[in-house]
Structure formats: structure tokens, C-alpha cells
Amino acid sequence: MGNKSSKSKKDCFMTMQVGKRQPVQVIIRLFDQQCPKTCENFRKLCQTKYGGTNFHRCSENFIAQGGDYERGDGTGGTSIWGNYFKDENFNIRHDKRGIVSMANRGANTNGSQFFFTLTACPQLDGKHVAFGEIISGFEILDQISEISTYGGDPKELVQILTAGVC
């Protein structure tokens, strides 16, 4: 099944900055009909936790990961329901750049961490719950790609300055 964009209840935004470059406003369309619980988690975390956090992993030609509001290093970040919540479904594919998906530590371990795909990543299908896509602010993906490394440690700071719903 391919990606089906449906109008979400509310899109989310993140004002992001790579290094000292000009901040970019990123608009994320959430797929509420396909993943309502996952979208609710992300939307509430945009409103309460993501602002002021960093992306801790930026892997070359792969993904950029953030959302660890507790530790900032990829080892923390609980969901709005406590520790983890179950995988909702795997209907949305990681078939292009700009897909927004849950990071996890295996099946049914979704918390607050998420990632943006920097390219199509079909190897993630069936393993990570994709729940949205970037619809505006794609230049942030270009900037992140420039500072990404094979090992995943970004060459420059990637910050979410503010986040919320639009």
C-alpha cells in the first residue's frame, strides 16, 4: 500500500536551525486516519516537549533523528502515555525523502523519538511506524544532508528552536 495523504486535524511545525544557518520553518502533515494514536503523541509532544531539543543522529543518505527531550542523546524520550506504546500499523512506506516516522528499539517501543528520511528507505518498512510527511521547508533536509556523517554524529548542531501545531 502506498502513501495516502489525508487532511489531518492539524499540521505540526518545527522551526529548525542547522549550525548558524538561517532557521527554517518545517510543516509536517500528519496522517491521522492511518495512525491516530501515533499522530496524537507527536502533536502533543510538538506542543510541549520538542522545542529547544536537538537532533542527535544524522546519518548520511539515510535519516535524521530527534525527539529525545529527556537526555538528548537517543537514550530517552517517553511517549505521552508513559514509557512506550505499540506499533499502530506499517501501512505508510518510507518511499521518499521527508517521511516522518517513529524511532524505536524494536517492536512496540514507540516513545518520543522520531526521524525524517533523507532519501527513500524501504529497509525501514514493516519496522518503523511512518505517520506523516514534510510538506514545506524541504531545505532543512538539504542542510541536514550536508552535515550528516556515515557514523550518524552530525558535523553541526541541528536544533528544533520551536514546535507546535498550525
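Residues numbered from 1 in each chain as written. Predicted model: local features only at pLDDT ≥ 70, side-chain atom pairs only at ≥ 80, totals over all residues. Heavy atoms only, no water.

Undergrad: Would you mind going over the pairing of strand E2 (residues 24-30) in detail, with residue names and values included?
TA: Within E2, 6 of the 7 residues are buried, which leaves it mostly tucked inside the rest of the structure. Sheet topology places strand E1 (residues 12-18) next to E2; 5 bridges connect them, and they run antiparallel. Across the sheet, residue Met-14 finds its bridge partner in E2, namely Val-26. Linking two consecutive strands that pair antiparallel, namely E1 and E2, is a turn of 5 residues; a positive phi of about 55° is found at Gly-19 within it. Both E2 and strand E8 (residues 130-136) contribute to a ladder of 4 bridges, which runs antiparallel. Considered in E8, the bridge of Ile-27 is made with Ser-136. (Buried < 20%, exposed > 50% of the residue type's maximum accessible area, 1.4 Å probe, protein only. Helix = DSSP H or I, 4+ residues; strand = E, 2+ residues; numbered from the N terminus. Pairing = 2+ DSSP bridges.)

Undergrad: Go over the UniProt feature "domain: PPIase cyclophilin-type" (unreviewed entry) in the protein with me, naming the residues and quoting the values.
TA: Mapped onto the present numbering, the UniProt feature "domain: PPIase cyclophilin-type" (unreviewed entry) falls on residues 13-165. In residues 13-165, the share of helix is 14% and the share of strand is 29%. The end C-alpha atoms are 6 Å apart. (UniProt positions renumbered as here; feature names shortened; annotations may be inferred.)

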